[in-house]
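What the coordinates show
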Amino acid sequence: MADVQIRWQAVMIDCKEHVKLAQFYARLLNWTVVFAAEDYAGIAPCGTPYGGYPGISFQRNPDYVPPVWPEQEGRQQTMEHLDLAVDDLDAAVAHALACGATKAEMQYSPTEWIVMLDPEGHPFCLCLNSQMLNSPDCALK
């Protein structure tokens, strides 16, 4: 087998309005939109130059159908979601709501993580994890 270089470039999220969703996540994470084109947009930590991956990218898909949360048989399922570490659940929920998220009605462990929905219906979790946030090994700030 030949030597092959494989590196993580980005998580790609399908959506109807790629620039608006990129702006939402940039506000939520205090990151920046590093590119926005006709069908794609991307965000990365502030100070990351275009091409300085990894990041989160958003792909315009006019046929995108939001998943339902929690899952229901015969309906669009969640294929993946983002877990975001926070040090204060209440403050993180308030921030996410101010950015344009909604809090999911169904919560499974509300003292440990809160399920939120982004403006296009993708679920993401705000996870209480001060240990990870304060770790010197936490690469993405």
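Structure: see above.
The text that follows walks through the structure, step by step, so that each part is easy to find. This structure is a prediction, so every number in the text was calculated from the model and none was measured.

So, about helix H1 (residues 18-29). Here H1 contains 12 residues, and its C-alpha end-to-end distance of 16 Å stays within 8% of the 16 Å for a straight helix at 1.5 Å per residue. Those residues of H1 not exposed but buried are His18, Leu21, Ala22, Phe24, Tyr25, Ala26 and Leu28. One or two residues past the end of H1 sits asparagine 30, with phi positive at roughly 60 degrees.

Reading across the sheet, the four strands line up as E5-E8-E7-E6 and stay open at both edges, with mixed pairing between neighbours. Pairing within the sheet leaves two strands with one partner each, and these edge strands are strand E5 (82-86) and strand E6 (102-103). Sheet topology note: the E5/strand E8 (residues 123-128) ladder contains five bridges and is parallel. In the sheet register, alanine 85 faces E8, and the bridge partner there is cysteine 127.

Another aspect to go through is the nonpolar core. With 26 residues, the main nonpolar core has Tyr25, Phe58, Phe124 and Leu126 as its most contacted residues. Elements supplying a minimum of two residues to this core: strand E1 (10-15), H1, strand E3 (40-45), strand E4 (55-60), E5, helix H2 (89-99), strand E7 (113-117) and E8. In terms of residue count, the dominant contributor to this core is H1 (six residues). For phenylalanine 58, the residues in contact, after removing those within four places along its chain, are Met12, Ile13, Cys15, His18, Leu21, Ala22, Tyr25, Asp39, Tyr40, Ala41 and Ile43.

Rules used throughout
- Residues numbered from 1 in each chain as written.
- Predicted model: local features only at pLDDT ≥ 70, side-chain atom pairs only at ≥ 80, totals over all residues.
- Heavy atoms only, no water.
- Helix = DSSP H or I, 4+ residues; strand = E, 2+ residues; numbered from the N terminus.
- Expected span 1.5 Å × (residues − 1).
- Buried < 20%, exposed > 50% of the residue type's maximum accessible area, 1.4 Å probe, protein only.
- Pairing = 2+ DSSP bridges.
- Core = buried A, V, L, I, M, F, W, Y, C linked by side-chain atoms within 4.5 Å.
- Contact = heavy atoms within 4.5 Å.

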